[in-house]
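Observations on chain architecture
This is what each chain is made of:
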Amino acid sequence: MLHPSPSLVSLHRVALGAAAQGSPDEIVVLPLRLSSADVPAVRRALHRILGPRLACYRIGMDAAHHGICAHIHLRRSELATCMGLLMAGMPQAEFGRIARLTGAGTSTGTPCVH
């Protein structure tokens, strides 16, 4: 398992309140990897594609895989919609395993798709 790079930047858009596990408001983490090297362009694309559905994310360079790794935090109830929007807007992106948000803003599971 790879660990997130310390160079990843956390950007929060909304307060992440605690929600019951399995509830529609529970925050889940969707890892996303792109072969791009333009972090600002990917950041702008995430905001453009997901808009207010984007609760929070971490994004940074994944030097081991020569690309960008993003950990997108979304509400469970909007996960299917967001994945559809991301597939349409970023067809080159690779999804990782969806995980529950645990602790103070950390995620479980693999940070990036291999």
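Residues numbered from 1 in each chain as written. Predicted model: local features only at pLDDT ≥ 70, side-chain atom pairs only at ≥ 80, totals over all residues. Heavy atoms only, no water.

Things to note about the environment of Leu85
Tracing the sequence through the fold places Leu85 in helix 2 (residues 79-89). For the pair Leu85 and Leu46, spaced 39 residues apart in sequence, the C-alpha to C-alpha distance is 9.8 Å. Ignoring anything within four residues of it in the chain, the contact list for Leu85 reads Ile49, Leu50 and Arg53. (Helix = DSSP H or I, 4+ residues; strand = E, 2+ residues; numbered from the N terminus. Contact = heavy atoms within 4.5 Å.)

Let's talk about the packing of helix 1 (residues 39-50) against helix 2
Remark: helix 1 packs on helix 2, axes separated minimally by 10 Å, with the N-to-C direction vectors making an angle of 125 degrees. On the basis of the axis angle, helix 1 is oblique to helix 2. When the axes of helix 1 and helix 2 are compared, the crossing they make is right-handed. Of the residues in helix 2, those in contact with Leu46, Ile49 and Leu50 of helix 1 are Cys82, Leu85, Leu86 and Gly89. For the contact of helix 1 with helix 2, the class distribution of residues is 6 nonpolar, 1 polar and no charged. (Axes fitted to C-alpha atoms, helices over the stretch in contact; angles between N-to-C directions. Parallel < 35°, antiparallel > 145°, perpendicular 65-115°, else oblique. Left-handed = near helix turned anticlockwise from the far one by under 90°. Nonpolar A, V, L, I, M, F, W, Y, C, P; charged D, E, K, R; others polar.)

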